[in-house]
Amino acid sequence: MMRQNLTKHIYFTVSILVVIIILFGVTEIDTFIQDYFFSFEIQQWILDRELQPYKFLFYDGLKKLLIFSIVLLLFLSVIFRKTQLVENYKKGIMVVVLSSILVPVIVGGLKKSTNMPCPKNEIHYGGDYPKTAVWEHYPKELTNKPKIRCWPAGHASGGFALLSLFFLFKTKKIKTLAVVGAVVIGWSMGIYKMLIGDHFLSHTLITMLLSWFIILTIVTILNNFWKVKR
């Protein structure tokens, strides 16, 4: 039953992901929302990327905290691997650790290949690139420019990887709190990047859905591994 539910969730997540990509690709929703974060009079974003404490809270500090937390979890799991507590949570710990590694790596890999502009790169906000959808090509005069790495949102992927905590905890209440916490952290990171002109709304939304898809895939693979092992 659990495997069937996972499969349904994977199909549903992929379907929503495709719809979101198409919807934001053919509409002006991103631009409509992003305009609220940019002053056209002075050609500046409403939040300076170097302004503190925001940069530390939502970029450098938070990213380092997430990395430290996962490394600590892995370290403690190895040190106390023979205890009953770690044994009871072993599969959940593996899901969290693998998700924390693979989600940012996969999202980062997509960023390198999609060549999508950030808001700050678009002509509408004083940049050099036209608005484009992920399935479209740039005009010939722009084909020799260096690739831009702005789609999907890489920074927020570290926060959304914490959605994997859903599969670590046992009770419904703690699972819910973990998911809410992961969503809050992911969107805090994503909104910060919107405020400094690095990402559109859709970039973060797509990263959230893609992260959940990757996590579900990891869980499915581990479930199959555990079944064969036993």
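Cut-off values and rules
Residues numbered from 1 in each chain as written. Predicted model: local features only at pLDDT ≥ 70, side-chain atom pairs only at ≥ 80, totals over all residues. Heavy atoms only, no water. Patch = residues over 30% accessible without salt bridge, like charges linked within 9 Å, V, L, I, M, F, W, Y side chains within 5 Å. Areas by Shrake-Rupley, 256 points an atom, 1.4 Å probe, with all protein chains shown as cover. Salt bridge = Lys/Arg side-chain N within 4 Å of Asp/Glu carboxyl O. Helix = DSSP H or I, 4+ residues; strand = E, 2+ residues; numbered from the N terminus. Buried < 20%, exposed > 50% of the residue type's maximum accessible area, 1.4 Å probe, protein only. Core = buried A, V, L, I, M, F, W, Y, C linked by side-chain atoms within 4.5 Å. Phe/Tyr/Trp six-rings, centres within 6.5 Å; stacked < 30°, edge-to-face > 60°. Lys NZ or Arg CZ within 6 Å of the ring centre and 35° of its normal. Polar contact = N/O pair within 3.5 Å; in protein donor to acceptor, adjacent residues only side chain to side chain. Axes fitted to C-alpha atoms, helices over the stretch in contact; angles between N-to-C directions. Left-handed = near helix turned anticlockwise from the far one by under 90°. Contact = heavy atoms within 4.5 Å.

Draft legend 1. Region of the structure containing a nonpolar patch on the surface. A cluster of nonpolar residues, Leu65, Phe68, Leu72, Phe75, Leu76, Ile79 and Phe80, forms a patch on the protein surface that exposes about 680 Å² of accessible area. You can see Phe75 is positioned in helix α3 (residues 54–79).

Draft legend 2. Structural context of the pattern of salt bridges. One pass over the full model with this rule turns up 5 salt bridges. Here Asp198 ties to Lys193 by a salt bridge, and the two come within 2.8 Å at their closest N and O atoms. Taken individually, Asp198 and Lys193 each receive the classification buried, so the pair is uniform in this respect. Beyond isolated ion pairs, a larger network of salt bridges with shared partners links Arg49, Lys120, Lys193 and Asp198.

Draft legend 3. Main features of the nonpolar core. Judged by nonpolar contacts, the single largest core of 41 residues is most densely connected at Phe167 and Ile215. A per-element tally of this core places helix α8 (residues 201–229) first, with 11 residues. Within the second largest apolar cluster, 10 residues are counted, among which are Phe37, Met194, Leu195 and Phe200.

Draft legend 4. Local environment of the environment of Leu74. One can find Leu74 in helix α3. When the C-alpha atoms of Leu74 and Gly181 are compared, they prove to be 20 Å apart, with 107 residues separating the residues in sequence.

Draft legend 5. Broad picture of the packing of aromatic side chains. Evaluation of the coordinates by the stated rule reveals 13 aromatic pairs. Taken together, a centroid distance of 6.1 Å and an interplanar angle of 80° make the contact between Phe160 and Trp187 edge-to-face. With Phe160 in helix α6 (residues 157–160) and Trp187 in helix α7 (residues 172–195), this residue pair connects regions lying 27 residues apart in the sequence. Here Phe160 matches Trp187 in class, with each residue buried. One aromatic cluster is present, built from ring pairs that chain together Phe38, Phe40, Trp45, Tyr125 and Phe200. A cation over an aromatic ring shows up here: Lys170 above the ring of Tyr89, its NZ or CZ 5.0 Å from the ring centre.

Draft legend 6. Focus on the environment of Ser157. The topology assignment puts Ser157 in helix α6. Judged by its relative accessible area of 1%, Ser157 is buried. Counting along the chain gives 10 residues from Ser157 to Lys147, while the straight-line C-alpha distance between them is 20 Å. At a separation of 2.4 Å, a polar atom in the side chain of Ser157 contacts the main-chain carbonyl oxygen of Gly154.

Draft legend 7. Seen up close, the packing of α3 against helix α5 (residues 90–114). At a minimum axis separation of 10 Å, α3 and α5 run at an interaxial angle of 140°. The element α3 and its partner α5 pack so that their crossing is left-handed. Within the contact between the two elements, α3 uses Ile70, Leu73, Leu74 and Ser77 and α5 uses Ile93, Val96, Val97 and Ser100.

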